[in-house]
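Reading the structure
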Amino acid sequence: MRRRTRSFVGAIAMIAFVIVYAPLAMALADSRIAETPAVVQSVLYAILGIAWIFPLMPLIRWMERPDRDPA
């Protein structure tokens, strides 16, 4: 698969992931985190804000792989 195609497929997958992840993170924040002290809330919001990166890193690496030379 060419890099351009991988980038397109990866972008669609990332959008789908964020569409699922964002409401789940908001529901978790609304139900559980709102009851904690402000310092704990800040830490948990920061964790939720960057947690989406870790499951998507393999996808991003796959998308950015160089094309193979046809040999």
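About the criteria used
- Residues numbered from 1 in each chain as written.
- Predicted model: local features only at pLDDT ≥ 70, side-chain atom pairs only at ≥ 80, totals over all residues.
- Heavy atoms only, no water.
- Helix = DSSP H or I, 4+ residues; strand = E, 2+ residues; numbered from the N terminus.
- Rg over C-alpha atoms; globule rule 2.2 N^0.38 Å.
- Buried < 20%, exposed > 50% of the residue type's maximum accessible area, 1.4 Å probe, protein only.
- Areas by Shrake-Rupley, 256 points an atom, 1.4 Å probe, with all protein chains shown as cover.
- Lys, Arg positive; Asp, Glu negative; His and termini not counted.
- Charge placed at Lys NZ, Arg CZ, Asp CG, Glu CD.
- Axes fitted to C-alpha atoms, helices over the stretch in contact; angles between N-to-C directions.
- Parallel < 35°, antiparallel > 145°, perpendicular 65-115°, else oblique.
- Left-handed = near helix turned anticlockwise from the far one by under 90°.
- Contact = heavy atoms within 4.5 Å.
- Nonpolar A, V, L, I, M, F, W, Y, C, P; charged D, E, K, R; others polar.
- UniProt positions renumbered as here; feature names shortened; annotations may be inferred.

1. Points about the overall build of the protein chain
Secondary structure summary: the protein chain contains three helices and zero strands in total. Taking 71 residues into account, the globule formula puts the C-alpha radius of gyration at 11 Å, and the protein chain, at 17 Å, lies well above it. Viewed in the frame of its principal axes, the protein chain has a C-alpha envelope of about 60 × 20 × 10 Å. Within the protein chain, the proportion of its 71 residues that are buried is 15%. Accessible surface, the protein chain: about 5700 Å² in total, of which carbon and sulfur atoms supply 70%. Positive and negative side-chain charges of the protein chain, numbering 8 and 5 respectively, have mean locations separated by a distance of 10 Å.

2. What about the packing of helix H1 (residues 3–31) against helix H3 (residues 53–64)?
Between H1 and H3, whose axes approach to 8 Å, the crossing angle comes to 160 degrees. With respect to each other, H1 and H3 are oriented roughly antiparallel. Of the two possible hands of crossing, H1 and H3 adopt the one that is left-handed. From H1, Arg3, Arg6, Ser7, Val9, Gly10, Ala11, Ala13, Met14 and Phe17 reach across to H3, where they touch Pro55, Leu56, Leu59, Ile60, Trp62, Met63 and Glu64. Among the residues making up the contact of H1 with H3, the classes are represented as 11 nonpolar, two polar and three charged.

3. Considering the UniProt feature "transmembrane region" (unreviewed entry) in the protein chain
According to UniProt, the "transmembrane region" (unreviewed entry) feature falls on residues 43–60. Between the C-alpha atoms that bound residues 43–60 the distance is 26 Å, and the span itself is 89% helix and 0% strand.

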